[in-house]
Amino acid sequence: MSLEEGLNFTQELIVEDTNTAIAHGSGKLPVFATPAMVAFMENTAVKCIENGLDKGLDTVGIQIDTKHIKATKVGKKVTCTATLTKVDGKKLTFQIEATDEDGPIGSSLHKRYIIDPIKFMERA
Ligand SMILES: CC(C)(COP(=O)(O)OP(=O)(O)OC[C@H]1O[C@@H](n2cnc3c(N)ncnc32)[C@H](O)[C@@H]1OP(=O)(O)O)[C@@H](O)C(=O)NCCC(=O)NCCS
């Protein structure tokens, strides 16, 4: 396993009608939905570590504490960066920051747990 603290990954998306608060049922306005931002943040953390895990292992999300501080309209670009800040045995901690073209829109403290997918699904 080569999961070193400081490892980071960045990706972008354009806000579309499919990821608004209206589409997610999380509000009534045509702006980037909080659950869409959270999913994008979690996906960025997954991609940050996918090449560093031992073969056959995977991770599951166990905690995400999120602040959504600014609305983003349809058509705007959102950039998300996840940084692996702590490796504590099987427990991985990430700091995640999201910005749009005008500045910061949200941040999360996120934890994932390394699992064996076969054993995990047997117990689910
Ligand atoms: C990940 C999971 C398998 C760990 O369960 P487990 O193997 O029985 O392990 P434990 O309950 O002993 O937890 C292991 C460690 O993770 C911590 N932990 C587990 N779930 C946690 C949570 N939701 N929030 C914070 N910490 C958590 C425990 O405190 C423990 O920490 P420690 O080692 O410092 O004591 C279990 O929490 C789980 O299935 N969670 C749901 C994950 C999920 O379905 N995510 C969505 C799909 S990606």
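Just so we're clear, the structure is a prediction, and the values are computed from it rather than from any experiment.

Trainee: What exactly am I supposed to notice about the sheet that holds strand β3 (residues 77-88) here?
Mentor: Sheet strands associate in pairs through backbone hydrogen bonding, adopting either a parallel or an antiparallel arrangement. If you trace the five strands from one edge of the open sheet to the other, you get β1-β3-β4-β5-β2, paired in antiparallel fashion. In the strand order of this sheet, the two ends are held by β1 (8-14) and β2 (58-68), each with one partner. Across the sheet, the mean angle from the axis of one strand to that of its neighbour is 20°, orientation sign disregarded. As paired strands, β1 and β3 are joined by seven bridges and run antiparallel to one another. Bridge pairing in β3 places Ile14 opposite Lys77. With respect to the sheet, helix α2 (residues 34-49) is in contact with β1, β2, β3, β4 (91-100) and β5 (103-115), its orientation differing from that of β5 by roughly 55°.

Trainee: Help me out: how do you make sense of the environment of Gly52 in this one?
Mentor: When you line up the elements, Gly52 lands in the loop between α2 and β2. For Gly52, a relative accessible area of 7% corresponds to the buried category. Separated by 45 residues in sequence, Gly52 and Leu7 place their C-alpha atoms 9.6 Å apart.

Trainee: How should I be thinking about the site of the ligand in this particular structure?
Mentor: In the vicinity of the ligand, the residues found are Val60, Gly61, Ile62, Gln63, Lys91, Tyr113, Phe120 and Arg123. In this structure, Gly61 approaches the ligand through a main-chain N or O atom, which is 3.0 Å from a nitrogen atom. Contact between the ligand and Ile62: a nitrogen atom at 2.6 Å from a main-chain N or O atom of the residue. Burial of the ligand by the protein amounts to 42% of the accessible area it has alone, namely 930 Å². Among the elements of the structure, β2 and α3 (117-123) are those that each provide at least two residues to the shell around the ligand. When residues of the shell around the ligand are assigned to their parent elements, the largest contribution, four residues, is made by β2.

Trainee: In this structure, what is going on with α2? I would like to understand it.
Mentor: In an α-helix there are 3.6 residues to a turn, and that puts residues three or four apart on one side. Here α2 is 16 residues long and its end C-alpha atoms lie 23 Å apart, about the 22 Å a rise of 1.5 Å per residue gives. Residues of α2 that are buried: Ala36, Met37, Val38, Phe40, Met41, Thr44, Ala45, Cys48 and Ile49. If you follow the buried residues of α2, they end up packed against β1, α1 (21-24), β2, β3, β4 and β5.

Trainee: Sorry if this is basic, but what is going on with the nonpolar core here?
Mentor: The nonpolar side chains of a soluble globular protein tend to be buried, and buried together. If you look at the biggest cluster of nonpolar residues, it comprises 24 residues, and the most contacted ones within it are Leu3, Phe32, Ile49, Val78, Leu92, Phe94 and Ile96. If you list the elements that add at least two residues to this core, you get α2, β3, β4 and β5.

Trainee: I would appreciate a short explanation of the pairing of β3 in the present structure.
Mentor: Side chains on a regular strand alternate between the two faces of the sheet. The sheet contact formed by β3 and β4 spans ten bridges and is antiparallel. Across the sheet, Lys86 pairs through a bridge with Thr93, a residue of β4. As consecutive antiparallel partners, β3 and β4 are separated by two residues, and within that stretch Gly89 has a phi angle of approximately 65°, a positive value.

Trainee: Looking at this model, I keep getting lost on the UniProt feature "binding site: substrate" (unreviewed entry) in the chain. Mind explaining?
Mentor: Mapped onto this structure's residue numbering, the UniProt feature "binding site: substrate" (unreviewed entry) falls at Gly61 and Arg112. On the basis of their most widely separated C-alpha atoms, the annotated residues across 52 residues gather in one place, lying no more than 4.4 Å apart. What makes Gly61 partly exposed here is its relative accessible area of 39%. Not counting chain neighbours up to four residues away, the residues in contact with Gly61 comprise Glu42, His110, Lys111 and Arg112. Positionally, Arg112 belongs in strand β5. With a relative accessible area of 4%, Arg112 lands in the buried category. In this structure Arg112 touches Glu42, Ala45, Val46, Ile49, Thr59, Val60, Gly61, Ile62, Lys90, Lys91, Leu92 and Phe94, once residues within four positions along its chain are discounted.

Basis of the calculations
- Residues numbered from 1 in each chain as written.
- Predicted model: local features only at pLDDT ≥ 70, side-chain atom pairs only at ≥ 80, totals over all residues.
- Heavy atoms only, no water.
- Pairing = 2+ DSSP bridges.
- Helix = DSSP H or I, 4+ residues; strand = E, 2+ residues; numbered from the N terminus.
- Axes fitted to C-alpha atoms, helices over the stretch in contact; angles between N-to-C directions.
- Contact = heavy atoms within 4.5 Å.
- Buried < 20%, exposed > 50% of the residue type's maximum accessible area, 1.4 Å probe, protein only.
- Near = heavy atom within 4 Å.
- Polar contact = N/O pair within 3.5 Å; in protein donor to acceptor, adjacent residues only side chain to side chain.
- Areas by Shrake-Rupley, 256 points an atom, 1.4 Å probe, with all protein chains shown as cover.
- Expected span 1.5 Å × (residues − 1).
- Core = buried A, V, L, I, M, F, W, Y, C linked by side-chain atoms within 4.5 Å.
- UniProt positions renumbered as here; feature names shortened; annotations may be inferred.

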